[in-house]
Amino acid sequence: MKTLTITRPDDWHIHVRNGAVLKTVLPHTARQFARAIIMPNLKPPVTTVEQALTYRKEILQAVPAGIDFIPLMTLYLTATTKISEIKKAAESDQIYAFKLYPAGATTNSDSGIANISAIYPLLAELEKFDIPLLIHGETTDIDCDIFDRERVFIDTILTDIARNFPNLRIVLEHVTTNEAVQFVYASGDNIAATITPQHLLYNRNALLSGGIRPHYYCLPIIKREKHRLALVQAATSGNPKFFLGTDSAPHITSLKETSCGCAGCYSAYTALELYAEVFEQAGSLNKLEGFASFYGADFYRLPRNSGTVTLEKITWRIPLTFGKNDNTITPIKAGEELSWKMQ
Ligand code: NCD
Ligand code: ZN
C-alpha cells in the first residue's frame, strides 16, 4: 500500500466556534493537527487576553482524551483596542497574534476596523512588540465587485500598511488571487500567506455552475481558474512564505442552505487529505511537508512538531454531515470520494 508520512502538521487559520459546534468540530482538528491558530470572531469577539484564556479552556475541554493538541490564541483588533491590552498580549505566552477584520468584510466582522489608517498607532505597537498581524484582506467598499475585493484591498490598504510598518510580521490570510500571491512574493520575509484547501481545489464554477452550491461559498469568494493555478503554484513551490491555513469555518447546515447563506466552508475533518490531493495532482507531494508542517511554525518562531502522521492511498467517502439534530454541519465535498486517508 502506498503511504505518505510527514511531520505532524499545524493549521495556521481556523474557526472552531464555541458551544455545541465546538464540541463537534474540535476533535476533527485535534486529530489532524498538533496546533492551530484560533480565530477570534466569536459573538461577542475575543478582544482581551482574559477572554482568550477563558476560550482556550473551553477549547481544551473539547479535545478528546489521549490526543495532544495546542490551541494558539489570537485577539480581535478593534478601534478601541487598548495599547495596554497589546502589551498584555505580548507578555502572555498564550497569545500568538492579532486579527484585523475590515468592518463588515465577513462573518462576525461588525466589530472590525472601519478606518484602517486610524488604527496605525495600534499597528505601531504590534510592530514594536513583534506580534504578528493576521489580515482578512478584502475591501469593504460595497461598490467594489466581490471578485475584486482582495486585489483592491492590496492596492488601497495593504501596500500602505506594509510601507509604514516595514518590520511588522503580517500574514495575509486565505489568499485567493494571483495578485495576492505576487504581492507576497514581492514583499520582505516579514509578510507571508495562508492558503485554504477550497481555493486550491476549486474555481468559481464549483460554486455557481450547474446550480448554486452553498457549501463552496466562503470569503474571500472562490475565484476563476487562473487564480487557482497561481495559488497551486505558490503552495507547491517550496517557498516558505506560503503555508497551510484551512479557514475551516463551520456554520450549521440550515444557515448555509437558505436564501441568504453564511460564508464559510467546513474542511476540518478532511483537511490534510484535501491538501494531499492538490499536491499530488501538481506532482509535488514532496513539498507537502514544508507547507503543512514547517513554514508556518518557522514564521511564528515556534518549534517544528515532533512526531509524524501517515496518509494512506485509499479511496473512501466523506460523510454527508457531522453533529446532531439542529446542529449538523455539512462538510466540503460531502458524500464524495477522497483518495488519501489519514491513519
Ligand atoms: C469565516 C467565518 O465563518 O467565520 N468565513 C469565511 O467565509 N471564511 C470568516 C472568515 O475567515 O472570513
Ligand atoms: Zn477565517
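These figures come from a predicted structure and were not determined experimentally.

A. Summary view of helix H5 (residues 149-164). Relative to the 22 Å expected for 16 residues at 1.5 Å per residue, H5 spans 22 Å between its end C-alpha atoms, a close match to the ideal helical length. Within H5, the axis deviates most sharply at Asp155, by approximately 40°. Turning to H5, its buried residues number three or more, namely Glu150, Phe153, Ile154, Leu158 and Ile161. Those residues of H5 hidden inside the fold are in contact with helix H4 (120-129), strand S6 (133-135), strand S7 (170-172) and helix H6 (178-186).

B. View of helix H9 (residues 225-235). For H9, the set of buried residues is His227, Arg228, Ala230, Leu231, Val232, Ala234 and Ala235. If you follow the buried residues of H9, they end up packed against H6, strand S8 (191-195), helix H7 (197-201), strand S9 (242-244), helix H11 (271-281) and helix H12 (288-299).

C. Representation of the sheet that holds strand S11 (residues 337-342). Reading across from one edge, S1-S10-S11 is the order of the 3 strands in this open sheet, with antiparallel pairing throughout. One side of each edge strand has no neighbouring strand; the edge strands of this open sheet are strand S1 (3-7) and S11. Strand-to-strand, the axes of this sheet are offset by a mean angle of 30°, without reference to chain direction. As paired elements, S1 and strand S10 (residues 308-317) share 5 bridges and run antiparallel to each other. Looking at S10, one finds that Thr7 is bridged to Thr308.

D. Quick peek at the coordination of the zinc ion (ligand 2). Taken together, the protein ligands of the zinc ion (ligand 2) are His13 (NE2), His15 (NE2) and Asp247 (OD), with distances of 2.0 to 2.1 Å. Written as a sequence motif, the donor residues of the zinc ion (ligand 2) are H-x1-H-x231-D. Pair noted here: His13 is in strand S2 (residues 11-14) and Asp247 is in the loop between S9 and helix H10 (253-256), with a separation of 234 residues, a long-range link.

E. Geometry of the site of ligand 1. Residues in close proximity to ligand 1 total 15 residues, the closest being Arg17, Asn41, Thr106, Leu219 and Asp247. Here Thr106 contributes a side-chain N or O atom positioned 2.7 Å from an oxygen atom of ligand 1. Within the backbone of Ala263, a nitrogen or oxygen atom sits 3.1 Å from an oxygen atom of ligand 1. Taking 310 Å² as the accessible area of ligand 1 by itself, protein coverage stands at 100%. Of the residues that constitute the shell around ligand 1, the class distribution is 4 nonpolar, 9 polar and 2 charged.

Calculation rules
- Residues numbered from 1 in each chain as written.
- Chains lettered and ligands numbered in written order.
- Predicted model: local features only at pLDDT ≥ 70, side-chain atom pairs only at ≥ 80, totals over all residues.
- Heavy atoms only, no water.
- Helix = DSSP H or I, 4+ residues; strand = E, 2+ residues; numbered from the N terminus.
- Expected span 1.5 Å × (residues − 1).
- Bend = angle between axes of the 7 residues up to and from the residue.
- Buried < 20%, exposed > 50% of the residue type's maximum accessible area, 1.4 Å probe, protein only.
- Contact = heavy atoms within 4.5 Å.
- Pairing = 2+ DSSP bridges.
- Axes fitted to C-alpha atoms, helices over the stretch in contact; angles between N-to-C directions.
- Donors = N, O, S within 2.8 Å, 3.2 Å for Na, K, Ca; no water.
- Near = heavy atom within 4 Å.
- Polar contact = N/O pair within 3.5 Å; in protein donor to acceptor, adjacent residues only side chain to side chain.
- Areas by Shrake-Rupley, 256 points an atom, 1.4 Å probe, with all protein chains shown as cover.
- Nonpolar A, V, L, I, M, F, W, Y, C, P; charged D, E, K, R; others polar.

Just geometry here; none of it tells us what the structure is for.
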